[in-house]
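# Per-entry structural report
Residue-level listing of the chains:
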Amino acid sequence: MKLYIKNHTFHYEMENLIRLFFPNEKITVIKEVPKVLEQPYVYTEISHKIIVKTEINGYKNENSLSLTEDEIENERRMAEIIFNFLTEYTEVKPPWGLLTGVRPVKLLRRLMEDEGLMGAIHHYRNKFFVSNEKIALARRTEAFEKEILTLSKKNSFSLYISIPFCPSRCKYCSFVMQSIERTKHLVEPYVDLLCKELVHTAEIAKTLKLNLETIYMGGGTPTTLSPEQLSKVLKTIRENFDLSTCREITVEAGRPDTITKEKLIALKENKVERISINPQTLNDDVLKVIGRKHNTQQTLNAYNLAREIGFESINMDLIAGLPSDTYESFVNTLNGVCDLNPECITVHTLSMKRSSTLTEEGVKLDTQQAEESAKMLRYTEQKLTDKDYIPYYLYRQSRMAGNLENVGWSKRGKECLYNVYVMDETHTIFGCGAGAVTKLKSPEFQYLERIFNFKYPYEYIDRFEEMIQRKNQVSDFYKKYF
């Protein structure tokens, strides 16, 4: 698919919008428009008006709309024409309309502040073409999020710790991680330097008199570390950060095949209250297809062991739309997880990332899969609402089956606050470890600055001092905006 661009800078949003309808195709953006357009194409132009043309496999259409003085509205109008053309051609109407952003709930909140509730709903329905079903879900989620957001103060921050190692790479995964088998020799020096970075970060937070709200250790799979290594990292945090204001410490245990009694005890002894145990599915055949190295019984064993050790806040991740999974199988999985009664259940929709193994193997999203995934999510909302779970955070990704969403469901009072803060971009998040990103948030403006750590463990180790020097930017930011 060709996207021709003339006299405007809206190519990023237009490209993402076209990808909603053609998730398996490469979208080529062309700014030097030739005399003869090569189909299939979408042509876009800003002159005395907004002009859009398209030709796809015999389908041809052309339309134009007047320009306004508001550039954002001009971008939306261009997107509206493209959306209507591609909806007509494909006979598919994405449930989130022409929204392509990660944070639709944050956008809804901003519209509510500017236009009131009814104005925001009208905007979502009539300008963004979001379905009534998704508007209702966004409204519910926003209401529960708002309670959590009020806990954050001007000088609040959260801490993210990256453990970029996994037992193996899942076929749907595109995260930067390293197989523990191939990089075992890097783990010990990595942990040593991670602790050094944590000490340095704690000194910055103390100097700036910041209050730590939440801690999240993710990855990768943090429980690929040994009990001793987990204790070392967590002890470094406890000894260097002021935890008097910290509301939660979460560790994404994740893969059931990495969870042992000794590791759970190490977490518990170091004041970790929340963990994730992520089956993705309780169908062993599907687990094999997606490259997970555990089975359902290992998930159940890990969950029961965590309860025996005394964990009272457990999240479990599921994925709707996995290859070879069916609606009936997904229902059995969700029912089985509900029977365990975890405090949180996060239901993701399969996202076909370009660098995932599934994509490399030629697996594609299709209409039937989109319909199945939508059906799975409708059952999820009904089932979890009946079980007294609430939707407390929501986000979207590109190339999702059915252009749907990921939702975190929780029992009241058991929400993961970090998830809300990171999705809303509420306050500063200090990132430590390979692949982590420090996001500095101005309290007065919707403005973020980012400081990137090196992605891979070997880079993190080899160029550690260079990376540490980057964090001097933190103090400069706070001097400027606080």
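Keep in mind the model is a prediction, meaning the values are calculated, not measured. (Residues numbered from 1 in each chain as written. Predicted model: local features only at pLDDT ≥ 70, side-chain atom pairs only at ≥ 80, totals over all residues. Heavy atoms only, no water.)

Bringing the overall build of the protein chain into the picture now. In terms of helices and strands, the protein chain carries 16 helices and 18 strands. Its C-alpha atoms give the protein chain a radius of gyration of 23 Å, within 12% of the compact-globule value 23 Å for 482 residues. Dimensions along the principal axes, computed over C-alpha positions, put the protein chain at roughly 65 × 55 × 45 Å. Per-residue burial for the protein chain yields a buried fraction of 56% across its 482 residues. Considering only contacts within the protein chain whose residues lie at least 6 apart along the sequence, 73% involve residues at least 24 apart. Summed over its atoms, the accessible surface of the protein chain is roughly 21300 Å², and 48% of this surface lies on carbon and sulfur atoms. If you average the places of the 66 positive and of the 66 negative side-chain charges in the protein chain, the two averages end up 2 Å apart. (Helix = DSSP H or I, 4+ residues; strand = E, 2+ residues; numbered from the N terminus. Rg over C-alpha atoms; globule rule 2.2 N^0.38 Å. Buried < 20%, exposed > 50% of the residue type's maximum accessible area, 1.4 Å probe, protein only. Contact = heavy atoms within 4.5 Å. Areas by Shrake-Rupley, 256 points an atom, 1.4 Å probe, with all protein chains shown as cover. Lys, Arg positive; Asp, Glu negative; His and termini not counted. Charge placed at Lys NZ, Arg CZ, Asp CG, Glu CD.)

Our focus in this paragraph is the packing of helix H10 (residues 327-340) against helix H12 (residues 367-386). Packing of H10 against H12 leaves a shortest axis separation of 10 Å and a crossing angle of 25°. In terms of axis orientation, H10 runs roughly parallel to H12. Between H10 and H12 lies a crossing of right-handed hand. Along the contact surface, H10 presents Tyr327, Phe330, Val331, Leu334, Asn335 and Cys338, while H12 presents Glu372, Lys375, Met376, Tyr379, Thr380, Lys383 and Leu384. Of the residues assigned to the contact of H10 with H12, the class counts are eight nonpolar, two polar and three charged. (Axes fitted to C-alpha atoms, helices over the stretch in contact; angles between N-to-C directions. Parallel < 35°, antiparallel > 145°, perpendicular 65-115°, else oblique. Left-handed = near helix turned anticlockwise from the far one by under 90°. Nonpolar A, V, L, I, M, F, W, Y, C, P; charged D, E, K, R; others polar.)

Let us now look at the packing of helix H3 (residues 104-126) against helix H4 (residues 132-149). The contact between H3 and H4 brings their axes to 11 Å, and the two run at 140°. Between H3 and H4, the angle is such that the two are oblique. Pair H3 / H4 crosses with left-handed handedness. Here H3 contributes Val105, Leu108, Arg109, Met112, Leu117, Ile121, Tyr124 and Arg125 to the contact with H4, which in turn contributes Asn132, Ile135, Ala138, Arg139, Thr141, Glu142, Glu145 and Leu149. Across the contact of H3 with H4, the residue classes tally to nine nonpolar, two polar and five charged.

Relative to the helices and strands, Lys53 is located in strand E4 (residues 49-56). On the basis of relative accessibility, which here comes to 30%, the residue Lys53 falls in the partly exposed class. Considering only alpha carbons, one finds Lys53 and Ala266, 213 residues apart in sequence, at a separation of 61 Å. Every residue in contact with Lys53, bar those within four places of it in the chain, is listed here: Tyr41, Val42, Tyr43, Asn61 and Glu62.

With that out of the way, let us pick up the pattern of salt bridges. As enumerated under the stated definition, the model contains 22 salt bridges in all. Residue Glu145 is joined to Arg109 by a salt bridge in which the shortest nitrogen-to-oxygen separation is 2.4 Å. Here Glu145, found in helix H4, pairs with Arg109, found in helix H3; they are 36 residues apart in sequence, far enough to count as distant. Between Glu239 and Lys235 there is a salt bridge; the shortest N-O distance is 3.8 Å. Pair noted here: Glu239 and Lys235 are both in helix H6 (residues 227-240), with a separation of four residues, about one helical turn. Given a relative accessible area of 55%, Glu239 falls into the exposed group. A cluster of three or more residues bridged by salt bridges with shared partners is formed by Glu73, Arg76, Arg77 and Glu80. (Salt bridge = Lys/Arg side-chain N within 4 Å of Asp/Glu carboxyl O.)

Regular strands place their side chains on alternate faces of the sheet. Of the two faces of strand E11 (residues 274-277), the one lined by Arg274 and Ser276 and the one lined by Ile275 and Ile277 are each fully buried. Pairing of strand E10 (residues 248-254) with E11 involves three bridges; the strand directions are parallel. Residue Gly254 lies in a different strand from E11, and its bridge partner there is Ile277. For the segment spanning E10, helix H7 (residues 261-269) and E11, crossover handedness is right-handed. Sheet topology note: the E11/strand E12 (residues 313-320) ladder contains three bridges and is parallel. (Pairing = 2+ DSSP bridges. Right-handed = clockwise from strand over helix to strand, strands pointing away.)

A separate point is the nonpolar core. Counting 118 residues, the largest nonpolar core has Leu159 and Ile161 as the members making the most contacts within it. For this core, the element with the most residues is helix H5 (residues 184-207), which contributes eleven residues. Non-local contacts of Ile161, meaning those with residues more than four positions away in its chain, are made with Leu194, Leu198, Ile215, Tyr216, Met217, Gly218, Val233, Ile237 and Cys432. Core analysis: the next-biggest nonpolar cluster, separate from the first, contains 16 residues, Leu149, Val420, Tyr421 and Val422 among them. (Core = buried A, V, L, I, M, F, W, Y, C linked by side-chain atoms within 4.5 Å.)

Let us now look at the side chain of Gln280. Among the secondary structure elements, Gln280 is positioned in the loop between E11 and helix H8 (284-289). Overall, Gln280 belongs to the buried group, its relative accessible area being 8%. Excluding residues within four positions of it along the chain, Gln280 makes contact with Tyr172, Arg292, Asp317, Leu318, Ile319 and Leu322.

Before going further, it helps to spend a moment on H5. Counted at 1.5 Å a residue, the expected span for H5 with its 24 residues is 34 Å, and the 36 Å between its end C-alpha atoms agrees. Within two residues after H5, Lys209 carries a phi angle of roughly 60°, on the positive side. (Expected span 1.5 Å × (residues − 1).)

By the secondary structure assignment, Asn406 is in strand E15 (residues 406-410). Residue Asn406 is classed as buried on the basis of its relative accessible area, which comes to 0%. Among the polar contacts listed, one links the side chain of Asn406 to the backbone nitrogen of Thr349, at a separation of 2.8 Å. Ignoring sequence-local partners within four residues, the contact set of Asn406 consists of Val347, His348, Thr349, Tyr393, Leu394, Tyr395, Gln397 and Met400. (Polar contact = N/O pair within 3.5 Å; in protein donor to acceptor, adjacent residues only side chain to side chain.)

Take helix H16 (residues 472-481) next. Every buried residue of H16 is accounted for by Val474, Phe477, Tyr478 and Tyr481. Angular distribution of buried residues about the axis of H16 spans 95°; they occupy a single face of the element. Turned more than 90 degrees away from the buried face of H16, the exposed residues are Lys479 and Lys480. Close packing links the buried residues of H16 with H5, strand E16 (428-432), strand E17 (437-441) and strand E18 (448-452). (Arc of directions from axis to C-beta.)

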